[in-house]
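Architecture and fold: a report
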Amino acid sequence: MTRAAIPGLPSRHPIGGLLPALYADDDLAQRFTAGLDTVLAPVLSTLDNLPAYLDPRLAPSDFVEWLSSWVGIGVDPEQPEELRRDVVVRAMELHRRRGTRRGLVERLRLCLGVEAEVVDGGGATWSATAGSELPAGTVEDVLVRVRPGRTRAVDEAKVLDIVRASCPVHVACRVEVLPPLSAHEGS
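Here is a short report on the structure shown in this document. (Residues numbered from 1 in each chain as written. Predicted model: local features only at pLDDT ≥ 70, side-chain atom pairs only at ≥ 80, totals over all residues. Heavy atoms only, no water.)

1. Focus on the sheet that holds strand β2 (residues 142-148)
Ordered in space as β1-β2-β3, the 3 strands form an open sheet in which the pairing is mixed. Sheet topology places β1 (114-119) and β3 (173-177) at the edges, where each strand pairs with a single neighbour. With direction set aside, neighbouring strand axes in the sheet form an average angle of 25 degrees. Alignment of β2 against β3, held across 5 bridges, turns out to be parallel. Bridge assignment links Val144 to a residue of β3, and that residue is Val175. Strands β1 and β2 of the sheet are contacted by helix α6 (residues 101-112), whose axis makes an angle of about 160 degrees with β1. Contacting β2 and β3, helix α7 (residues 156-166) runs over the sheet at an angle of about 150 degrees to β3. (Pairing = 2+ DSSP bridges. Helix = DSSP H or I, 4+ residues; strand = E, 2+ residues; numbered from the N terminus. Axes fitted to C-alpha atoms, helices over the stretch in contact; angles between N-to-C directions. Contact = heavy atoms within 4.5 Å.)

Here is the structure:
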């Protein structure tokens, strides 16, 4: 990500006008500071518009990926720009719901455009006696069934990456990719 000089971008604060009166008519000083104005104009423009750069809905498209790193959520550069912006805008909400069925379904829908269903036993085992052995019990795996939503195909590897990142480490996760609903099934 770089901000390059933009040809013809005027400086809102030309340095030549800030020089002492002695240099106001000095051609060399004015040309020298005009060269500095060309270099500094994009920097000053960026600083003047800093709030827009920090808002994923308004930021330049190359900044959206950088902003995603600030909020700890990965965006897929292959996804449409509006979708990447939406994921960054809703990052805090996704983090708040991380580890829940709703959070996983929402993250898959937002990040990959798939419809998902999470099947989880949801069971837990515990003991009423302090310091006793852990109760025997099996932790069931989480099954995530996905169907194409706004996308035509489902990338199972990407789905599994998101599922693994969203589920606790000790829980096994499985993904099933289902065919898209036909027209009469969806209504």
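Now that the structure has been shown, the text picks up again.
2. Here's the deal with the pattern of salt bridges
Tallied over the full model, the rule gives 10 salt bridges. Among the salt bridges present, the one from Glu93 reaches Arg90, with a minimum N-O distance of 2.8 Å. Linking Arg109 and Glu106 is a salt bridge whose minimum nitrogen-to-oxygen distance equals 2.5 Å. Of the two residues, Arg109 and Glu106 both sit in helix α6, 3 residues apart, roughly one turn of that helix. (Salt bridge = Lys/Arg side-chain N within 4 Å of Asp/Glu carboxyl O.)

3. Observations regarding the pairing of β2
Burial runs high along β2: 5 of the 7 residues are buried. Here β1 runs beside β2; their pairing, made up of 6 bridges, is antiparallel. Across the sheet, the residue bridging to Val114 is Pro148, located in β2. (Buried < 20%, exposed > 50% of the residue type's maximum accessible area, 1.4 Å probe, protein only.)

4. Things to note about the packing of aromatic side chains
All told, the structure shown has 3 aromatic pairs when counted by the stated rule. Note on Phe63 and Trp66: the rings are 5.2 Å apart at their centroids and 80 degrees apart in plane angle, and the pair reads as edge-to-face. Of this pair, Phe63 and Trp66 are both found in helix α3 (residues 61-70), 3 residues apart, which corresponds to roughly one turn of the helix. Members of the aromatic cluster, connected to one another through ring pairs, are Tyr53, Phe63, Trp66 and Trp70. (Phe/Tyr/Trp six-rings, centres within 6.5 Å; stacked < 30°, edge-to-face > 60°.)

5. What to know about the layout of surface pockets
If you add up the space inside the second largest pocket, you get close to 190 Å³. Considering the residues around the second largest pocket, the lining is formed by 14 residues, among which Gly74, Asp76, Cys111, Leu112 and Ile162 are closest to the centre. For the lining of the second largest pocket, the elements supplying multiple residues, two or more each, are α4 (81-89), α6 and α7. Counting residues per element, the lining of the second largest pocket draws most heavily on α7, which supplies 4 residues. Of the residues assigned to the lining of the second largest pocket, the class counts are 7 nonpolar, 2 polar and 5 charged. (1 Å grid on protein atoms, 1.4 Å probe; cavity = no way out; pocket = protein on both sides within 12 Å on 5 of 7 lines; lining within 4 Å. Points joined across faces, edges and corners; volume = space filled by probe spheres on them. Nonpolar A, V, L, I, M, F, W, Y, C, P; charged D, E, K, R; others polar.)

6. Some thoughts on the nonpolar core
One recurring pattern in soluble globular proteins: nonpolar side chains tend to sit buried together. Grouped together as the largest cluster of nonpolar side chains are 32 residues, with contacts concentrated most on Leu104, Leu108, Leu112, Val144, Val146, Val159 and Val163. Where this core is concerned, the elements lending two or more residues are α3, α4, α5 (91-96), α6, β1, β2, α7 and β3. The element best represented in this core is α6, accounting for 5 residues. Here Val146 is in contact with Leu108, Val114, Glu115, Ala116, Val154, Val159, Val175, Glu176, Val177 and Leu178, once residues within four sequence places are set aside. (Core = buried A, V, L, I, M, F, W, Y, C linked by side-chain atoms within 4.5 Å.)

7. Description of α4
All of the buried residues along α4 are Leu83, Arg84, Arg85, Val87 and Val88. Where α4 is buried, its residues contact α3, α5 and α6.

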